[in-house]
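One-letter residues, chain by chain:
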Amino acid sequence: RNSQVQNSHKEKTMKSTLAVLIFAIIAAVASGYAFTGTSLQTTPRVSRAQNGASSMMMRTRVCDLLGKKANRKARVVTFSHKRIHKVQEVNLQWKRYQSDELGRTVRLRLSTKGIKTVNKYGSIDAAARKFGLDLSKF
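Keep in mind that this is a model prediction, so the values were computed, not measured.

(A) Here's a closer look at unusual backbone geometry. In the Ramachandran plot, His81 falls in the positive-phi region, its phi being about 70° despite a non-glycine side chain. Note that His81 resides in the loop between β1 (71-77) and β2 (83-88). Classification of His81 as partly exposed rests on a relative accessible area of 48%.

Structure follows, in structure tokens:
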């Protein structure tokens, strides 16, 4: 009688272990499909007209004329000769120029090198033509 109780107990333990194992395999397969790179189906957002500070969009720190951007590979060497990575940002300035072709002022975010380039070409229109920049977007 004691061996029958042990056998039934072993069968119950074996069945519960098997059920947990099957559940774990199903969960592993399901989580594997979750990270395959396919995008989730989401409902599209309804865009509303916003005003004020909430409508401001962050612009990347890139020169509008030359396309200069930050040097992310710069390093600082300390006294103990440790090399620490740092970002060298572009020296960007907001600058207004009078465009003769558009007949209005154009406000651009230029690097200091870009400002020198505009001075070299004589006008913002000539520099924009040289670098293929559409001033009507500014």
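Okay, back to it.
(B) Spotlight on the packing of helix α2 (residues 112-121) against helix α3 (residues 124-131). In the contact formed by α2 and α3, the axes pass within 7 Å of each other and the chain directions differ by 110°. Between α2 and α3, the interaxial angle falls into the category roughly perpendicular. Side by side, α2 and α3 meet where Thr117, Val118 and Tyr121 of the first sit next to Ile124, Ala126, Ala127, Lys130 and Phe131 of the second. In terms of residue class, the contact of α2 with α3 is built from six nonpolar, one polar and one charged.

(C) Focus on the nonpolar core. Leu65, Tyr97, Leu108, Leu110, Val118, Ile124 and Leu135 are the most contacted members of the largest nonpolar core, which totals 15 residues. When contributions to this core are tallied by element, the ones reaching two or more residues are β3 (92-99), β4 (104-111), α2 and α3. With sequence-adjacent residues up to four places away left out, Leu135 is seen in contact with Ser99, Leu102, Arg104, Val106, Leu108, Ile124, Asp125 and Ala128.

Reading the values: the criteria
- Residues numbered from 1 in each chain as written.
- Predicted model: local features only at pLDDT ≥ 70, side-chain atom pairs only at ≥ 80, totals over all residues.
- Heavy atoms only, no water.
- Helix = DSSP H or I, 4+ residues; strand = E, 2+ residues; numbered from the N terminus.
- Buried < 20%, exposed > 50% of the residue type's maximum accessible area, 1.4 Å probe, protein only.
- Axes fitted to C-alpha atoms, helices over the stretch in contact; angles between N-to-C directions.
- Parallel < 35°, antiparallel > 145°, perpendicular 65-115°, else oblique.
- Contact = heavy atoms within 4.5 Å.
- Nonpolar A, V, L, I, M, F, W, Y, C, P; charged D, E, K, R; others polar.
- Core = buried A, V, L, I, M, F, W, Y, C linked by side-chain atoms within 4.5 Å.

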